[in-house]
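# Examination of the molecular architecture
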Amino acid sequence: MANTYYLPSHEYARIDGNIAYVGITRYAASQLGNVVYVDMPEEGDDVAFGEEFGAIESVKAASDLFSPVTGAVIQPNLQLIDNPRLVSEDPEAAWIIKVELSAPLDLDKLLTEEQYQALIAQ
Amino acid sequence: MENLKKTCLHDRHEAMGALMSPFAGWHMPIQYAGIEEEHRAVRGGCGVFDVSHMGEVMVSGADAEAMVNDIFTNDVRDMPDGKILYGMMLREDGGVIDDLLVYKIAADKFLLVINAGNIDKDVDWIRSQAQGRDVVIDDLCDSTAQLAVQGPKASAVMSEVLGIACDSLDFYTFEVHDYEDEKILVSRTGYTGEDGFEVYASPRLIAAMWDRLMDSQCCLPCGLGCRDTLRFEAGLPLYGDELTELTTPLEAGLGMFVKMDKPSFIGKDALARQKAEGLQRKLVGLELLAPGIARHGYQVLDPDGNEIGVITTGYRSITLGKSIALAMIDSRFAPLDTLVQVQIRRKAVPATVIKKRFYQPRYKK
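Because the structure is a prediction, the values reported are computed rather than measured.

## Points about the pattern of salt bridges
Evaluation of the coordinates by the stated rule reveals 32 salt bridges over all chains. Across the salt bridge formed by R12 of chain B and D211 of chain B, the nearest N and O atoms sit 2.7 Å from each other. Taken together, the positions of R12 of chain B in helix α1 (residues 10-15) and D211 of chain B in helix α6 (residues 203-216) put the pair 199 residues apart, joining distant regions of the chain. Judged by relative accessible area, D211 of chain B falls into the partly exposed class, the value being 29%. Here the salt bridges do not stand alone but share partners, grouping D39 and E57 of chain A together with R295, R345 and K347 of chain B into one network.

This is how it looks when you write it as structure tokens:
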């Protein structure tokens with residue numbers, strides 16, 4: 001069973017064994033408006049928990065993306081280069097990077113589904 | 001949020017579900033349906049903007065013309081009544097206090113339309129320049145509201161929805177109309193690169209016009225988001241981005257609005273010196289040659305990675321579909337087709353200098 005964890009900065013990590021699919025939440029996508037560009041790392045790049053790994057750009061502004069996990073990027077979602085709108089339309093399907101974990105999840109700092117829903121309900 | 005100013009249409013924007021945000025001390029609508037949709041409505045049809053945050057100052061009296069000409073870079077002498085000029089107010093050192101429109105109401109009466117974020121500063125400056133002169137300065141900012149009706153269908157919307165026949169107006173001219181027992185001012189001006197009109201009236205009347213426009217379904221309500229993407233494509237400067245107190249109009253490429261043949265105006269000597277010495281920096285257009293969007297404040301680099309300037313505005317252009325930017329850079333790199341780089345987060349993205357009028361405006365001449 002896949003578990004999904006969140007950062008307060010609205011990134012999700014969907015965990016499948018040793019792999020994490022990282023993207024932005026539906027709430028974040030709805031706040032951004034149409035996504036026009038996704039700046040993501042390359043295959044093989046390292047990402048670290050809490051650190052910036054790219055950016056998502058709406059017409060108006062760029063928002064930094066922060067990684068909910070630590071590991072190596074095994075696949076950036078290249079579909080988003082030509083079709084950044086996929087993030088606006090279905091951010092859960094349109095993950096941004098696929099990461100092979102090299103460290104345990106930081107469960108003290110990550111939010112569960114329930115905690116994240118409580119955060120955005122505020 | 002408590003001390004943000006509100007236009008007369010503020011509650012209507014909120015009721016319509018606009019995304020609201022602080023802008024220049026005001027709580028303004030950024031978008032309704034979405035920036036792209038609103039942008040396209042103005043390029044292809046008609047969009048309506050609440051621009052009541054803009055400031056209006058009336059300068060009247062026997063010395064009005066001399067005073068305006070002294071604080072304004074363009075030349076209001078021999079200007080016919082009903083004509084409008086764009087230009088700047090400068091500091092003695094040539095830095096831009098604000099860019100503005102001057103409407104000539106009568107031989108001894110000029111209306112200055114200034115940027116919302118500069119109202120307090122400008123009014124203080126204008127009052128200080130009025131001392132010892134036979135002029136009266138009226139700050140009309142709070143009593144005047146303003147709508148901008150913009151796009152190729154603007155003229156039809158003005159006449160059919162608002163009953164204001166203004167298609168005979170030339171670009172950068174205005175008329176005073178009687179409208180529901182009030183005198184309103186209608187000008188063929190705008191900030192979008194399209195044909196269009198701006199209407200100045202009391203808050204009560206502007207609210208009534210807004211309601212009529214919304215009920216008509218003939219135009220889309222537009223926020224400040226697309227106002228910025230539209231003016232940017234047309235290469236029009238925004239105070240705070242392309243123009244600041246540390247920029248001169250010559251550096252910003254606005255020399256055609258600076259009349260160096262006037263006997264004098266504040267800042268003239270500094271500009272003359274700058275012209276003689278040659279410009280160190282120039283505002284240019286950039287097109288990015290690899291993916292990325294250059295945003296305000298990002299560094300511009302030469303091909304070796306040395307810093308040569310800064311991005312003033314950048315977008316992925318909605319009309320052109322390209323990633324373009326305005327940048328203030330070392331003038332040695334300003335010639336067209338020069339290769340530079342923009343530092344976008346971790347990457348230096350190659351870019352080339354292009355004309356800064358990215359979109360050819362379609363004004364009615």
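After presenting the structure, the write-up continues.
## Some points on unusual backbone geometry
Peptide bonds are mostly trans, and most non-glycine residues show a negative phi. Here E180 of chain B, not a glycine, exhibits a phi torsion of approximately 45 degrees, which is positive. Given the relative accessible area of 39%, E180 of chain B is considered partly exposed.

## Quick notes on the pairing of strand β1 (residues 3-6) of chain A
Regular strands place their side chains on alternate faces of the sheet. All names here are of chain A. For β1 and strand β2 (residues 11-16), the ladder comprises four bridges, and the chain directions are antiparallel. Bridge pairing links T4 to R14 in β2. Counting the residues in the hairpin turn of β1 and β2 gives four residues, including H10, whose phi is positive at 80 degrees.

## A look at a negative patch on the surface
Residues and elements named next belong to chain B. Residues D120, D124, D138, D139 and D142 make up a contiguous surface patch of negative charge. The set of elements that each furnish at least two residues to the negative patch consists of α4 (119-130) and β8 (136-139). Tracing the chain through its elements places D139 in strand β8.

## Quick look at the sheet that holds strand β6 (residues 96-106) of chain B
Remark on secondary structure: sheet strands pair via backbone hydrogen bonds, oriented parallel or antiparallel. Residues and elements named next belong to chain B. Judged by pairing direction, the sheet is antiparallel, and its five strands sit side by side in the order β5-β6-β7-β4-β8 without closing on themselves. Looking at strand neighbours, the two that pair on one side only are β5 (84-90) and β8, the edges of this open sheet. Strand-to-strand, the axes of this sheet are offset by a mean angle of 30 degrees, without reference to chain direction. Along the sheet, helix α3 (residues 64-71) contacts β4 (55-60), β5, β6, β7 (109-114) and β8; its crossing angle with β7, the most-contacted strand, is approximately 30 degrees.

## Thoughts on the interface of chain B and chain A
Accessible area lost upon the coming together of the parts serves often as the stated size of an interface. Counting from both sides, the interface comprises 16 residues of chain B and, opposite them, 17 residues of chain A. Together, the buried faces of chain B and chain A total about 1,400 Å²; carbon and sulfur atoms form 45% of this surface. Scanning the region where chain B abuts chain A turns up seven salt bridges. R85 of chain A is paired through a salt bridge with E36 of chain B; the nearest N and O atoms lie 2.6 Å apart. Summed over the shared surface of chain B and chain A, the result is 12 residue pairs in polar contact (both at pLDDT 80 or more). Listed by contribution, the elements that provide at least two residues to the side of chain B that touches chain A are α2 (35-44), α7 (224-233) and β16 (307-316) of chain B. Take the side of chain B that touches chain A: its biggest share by element is three residues, from α7 of chain B. Across the side of chain B that touches chain A, the residue classes tally to six nonpolar, three polar and seven charged.

Cut-offs applied
Residues numbered from 1 in each chain as written. Chains lettered and ligands numbered in written order. Predicted model: local features only at pLDDT ≥ 70, side-chain atom pairs only at ≥ 80, totals over all residues. Heavy atoms only, no water. Salt bridge = Lys/Arg side-chain N within 4 Å of Asp/Glu carboxyl O. Helix = DSSP H or I, 4+ residues; strand = E, 2+ residues; numbered from the N terminus. Buried < 20%, exposed > 50% of the residue type's maximum accessible area, 1.4 Å probe, protein only. Pairing = 2+ DSSP bridges. Patch = residues over 30% accessible without salt bridge, like charges linked within 9 Å, V, L, I, M, F, W, Y side chains within 5 Å. Areas by Shrake-Rupley, 256 points an atom, 1.4 Å probe, with all protein chains shown as cover. Lys, Arg positive; Asp, Glu negative; His and termini not counted. Charge placed at Lys NZ, Arg CZ, Asp CG, Glu CD. Axes fitted to C-alpha atoms, helices over the stretch in contact; angles between N-to-C directions. Contact = heavy atoms within 4.5 Å. Buried area = accessible area lost by both parts, 1.4 Å probe. Polar contact = N/O pair within 3.5 Å; in protein donor to acceptor, adjacent residues only side chain to side chain. Nonpolar A, V, L, I, M, F, W, Y, C, P; charged D, E, K, R; others polar.

None of this, on its own, says anything about what the molecule does.
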